[in-house]
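Geometric and topological summary
The lines below spell out each chain.
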Amino acid sequence: MNQPELEIFLTIAPYWMFVMGLIWGSFYNVCIYRIPADQSVVFHSSRCPKCAAPILWYHNVPVIGFLLLKGKCYRCSQKISWQYPLIELITGFMYLWLYLKFGFTWQLLAGLIFCSLLLIISVIDLHHRIIPDELSLPGIVLGVLFAFLIGEPPWWDSLLGLFIGGVVFFSVAWGYEKFTGREGLGGGDIKLLAMIGAWLGGPSILLVIILSSLAGTVVGVGVMLFQKKGLKTAIPFGPFLAAAALAYFQWGDSLRDSMLFLTGSSPQ
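Now for a quick tour of the structure. Please read all numbers here as calculations on a predicted model, not as lab measurements. (Residues numbered from 1 in each chain as written. Predicted model: local features only at pLDDT ≥ 70, side-chain atom pairs only at ≥ 80, totals over all residues. Heavy atoms only, no water.)

**Some remarks on a nonpolar patch on the surface**
- On the surface, a nonpolar cluster with roughly 710 Å² of combined accessible area is contributed by L56, W57, Y58, V61, I64, L68 and Y74.
- Relative to the assigned elements, L56 resides in the loop between α1 (3–34) and α2 (64–68).
- Given a relative accessible area of 31%, L56 falls into the partly exposed group. (Patch = residues over 30% accessible without salt bridge, like charges linked within 9 Å, V, L, I, M, F, W, Y side chains within 5 Å. Areas by Shrake-Rupley, 256 points an atom, 1.4 Å probe, with all protein chains shown as cover. Salt bridge = Lys/Arg side-chain N within 4 Å of Asp/Glu carboxyl O. Helix = DSSP H or I, 4+ residues; strand = E, 2+ residues; numbered from the N terminus. Buried < 20%, exposed > 50% of the residue type's maximum accessible area, 1.4 Å probe, protein only.)

Below, the structure is given as structure tokens:
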């Protein structure tokens, strides 16, 4: 590729990444809908959940299809959730952000996979209060593989994060439930923590737990006050773990330095 062609390519690359994010966001919507229902995300064309009318190809164009349909099925007028264009837009901006952060590198591919898994898992957990093994377990394997491939974090740190997030917190959760009779962290949350540890390394786990717990407490108290259900209010913890992992992914060094400052230690 000569210099003029390279300049043109680099000029259009951010727009191309945004469009690719929109397209993949449409597929993520399929995953969010079908994985909890144990349906294939590869086979079977998209259909209206009410009348089973097949969705035409031009109605499947990300965001634009939703606008053309005015948020309704073309046959039965069933309302289409705003979640669909929202996930597509979020994914588009996520792809753009990661490209601007890493450029066309192995780190970009790793970031796309990791952040996409966190997004899909978060939305599924919000809807169904579950974190599917079909996402978290392959996510653990991929986290370790990319650590070997690109060395960020080092492979031993990835395995340490997997161990702390999975084995240690499983033991803590088991002990808590054994002695109190109440569930602490659910099995899905522990597997998600193991996945986060595999991608971000051992030092990330404590900060992810602290940040997600603080955010979950603030949001939980707000929801309890709004719904007036007291301690019976149940909110999924997965999205808070995912948000904290994204914060660490973006600002890990600054967060570690801030924690050391607050504890009276000096960062090296």
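The rest of the description comes next.
**Quick notes on the nonpolar core**
- The biggest cluster of nonpolar side chains holds 48 residues, and the ones touching the most others in it are F114, L118, L192, M195, I196, L200 and L241.
- Of all elements in the fold, only α1, α3 (83–102), α4 (106–128), α5 (133–150), α7 (187–200), α8 (202–227) and α9 (238–262) reach the threshold of two or more residues within this core.
- In terms of residue count, α4 provides more of this core than any other element does, 12 residues in total.
- Beyond its immediate chain neighbours, meaning those up to four positions away, L192 contacts L118, I121, I131, S136, G238 and L241. (Core = buried A, V, L, I, M, F, W, Y, C linked by side-chain atoms within 4.5 Å. Contact = heavy atoms within 4.5 Å.)

**Regarding the side chain of D157**
- Tracing the backbone shows D157 in helix α6 (residues 155–180).
- Relative accessible area serves as the criterion here: at 10%, D157 is assigned to the buried category.
- Among the polar contacts listed, one links the side chain of D157 to the backbone nitrogen of G202, at a separation of 2.8 Å.
- The residues contacting D157, other than those within four sequence positions of it, are G197, G201, G202 and P203. (Polar contact = N/O pair within 3.5 Å; in protein donor to acceptor, adjacent residues only side chain to side chain.)

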